[in-house]
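# An overview of the molecular structure
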Amino acid sequence: HVDLVESGGGLVQPGGSLRLSCAASEELYNIDSKGWYRQAPGKERELVAVINSGGSHTYAASVKGRFTISGDNAEDKVYLQMDSLRPEDTAVYYCNYHGIERRSLSEGGDFYGIDYWGSGTLVAVSS
């Protein structure tokens with residue numbers, strides 16, 4: 001089965017930068033969106049940024065103007081450039097790929113969604 005692997009997390013001072021990367025262990029097909037989520041200590045998981053199916057980018061209000069999501073179609077990877085980091089950005093960051101699959105005609109031929117998740121990479125912002 002497919003695993004997503006994140007990398008690039010670490011400890012940085014406020015105002016610093018990090019670049020997160022995500023790659024799939026196997027080639028994936030029919031992926032319609034890729035994004036990043038995070039879970040801060042004592043908080044619920046939240047959406048950080050996503051590349052939508054139409055190619056547009058969506059960001060959480062708290063990171064807009066500071067974070068940039070991008071993708072490498074040739075390598076089927078997704079990145080998150082994080083600048084001007086703040087202590088409140090401290091969290092475990094998870095990448096997510098959402099795909100649309102279709103059952104075979106013999107199985108009914110209906111469409112359904114599949115989510116792939118990474119195991120997370122820790123970003124800690126402190127002095």
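Structure first, text after, so check above.
Every value quoted in this text rests on a predicted model; they were computed, and no experiment measured them.

### Quick word on the overall build of the protein
The helix and strand tally for the protein stands at zero helices and eleven strands. Once the C-alpha set of the protein is aligned to its principal axes, its extents read approximately 60 × 30 × 25 Å. In the protein, buried positions account for 35% of the 127 residues. Sequence-distant contacts in the protein: of pairs separated by 6 or more residues, those separated by 24 or more amount to 55%. Per element, the accessible surface of the protein, about 7200 Å² overall, is 47% carbon and sulfur. If you average the places of the 11 positive and of the 17 negative side-chain charges in the protein, the two averages end up 7 Å apart.

### What to know about the nonpolar core
In this structure, Trp36, Leu80, Met82 and Tyr93 are the most contacted members of the largest nonpolar core, which totals 26 residues. Of all the secondary structure elements, the ones that give two or more residues to this core are strand 3 (18-24), strand 5 (46-51), strand 7 (67-72), strand 8 (77-82), strand 9 (91-102) and strand 11 (121-125). Per-element tally for this core: the top contributor is strand 9, with four residues. With near-sequence residues (within four places) excluded, Met82 lies in contact with Gly16, Ser17, Leu18, Leu20, Arg66, Phe67, Tyr93 and Val123.

### Re the sheet that holds strand 1 (residues 4-7)
In space, the four strands of this open sheet follow the order 1-3-8-7, with antiparallel pairing throughout. Of all the strands in the sheet, just strand 1 and strand 7 have a single pairing partner and so form its edges. On average, each strand axis in the sheet is inclined to that of its neighbour by 15°, with strand direction left out of account. Judged from the six bridges that link them, strand 7 and strand 8 form a sheet pairing that is antiparallel. In the sheet register, Asp72 faces strand 8, and the bridge partner there is Lys77.

### Side note on the packing of aromatic side chains
Overall, the coordinates contain one aromatic pair when judged by the stated rule. Here the guanidinium or amino end of Arg45 rests over the ring plane of Tyr37, the centre of that ring lying 5.4 Å away. In this structure, Arg103 is placed above the aromatic ring of Tyr112, and the distance from its NZ or CZ to the ring centre is 4.4 Å.

### A few points about the pairing of strand 3
As a general feature of sheets, a regular strand has side chains that alternate between the two faces. Two strands pair when backbone bridges link them, and strand 1 and strand 3 are joined in this way by four bridges, in the antiparallel orientation. Following the sheet pairing, Ser7 is matched in strand 3 by Ser21. Sheet topology places strand 3 next to strand 8; six bridges connect them, and they run antiparallel. Paired with Leu18 across the bridge in strand 8 is Met82.

How each quantity is defined
- Residues numbered from 1 in each chain as written.
- Predicted model: local features only at pLDDT ≥ 70, side-chain atom pairs only at ≥ 80, totals over all residues.
- Heavy atoms only, no water.
- Helix = DSSP H or I, 4+ residues; strand = E, 2+ residues; numbered from the N terminus.
- Buried < 20%, exposed > 50% of the residue type's maximum accessible area, 1.4 Å probe, protein only.
- Contact = heavy atoms within 4.5 Å.
- Areas by Shrake-Rupley, 256 points an atom, 1.4 Å probe, with all protein chains shown as cover.
- Lys, Arg positive; Asp, Glu negative; His and termini not counted.
- Charge placed at Lys NZ, Arg CZ, Asp CG, Glu CD.
- Core = buried A, V, L, I, M, F, W, Y, C linked by side-chain atoms within 4.5 Å.
- Pairing = 2+ DSSP bridges.
- Axes fitted to C-alpha atoms, helices over the stretch in contact; angles between N-to-C directions.
- Phe/Tyr/Trp six-rings, centres within 6.5 Å; stacked < 30°, edge-to-face > 60°.
- Lys NZ or Arg CZ within 6 Å of the ring centre and 35° of its normal.

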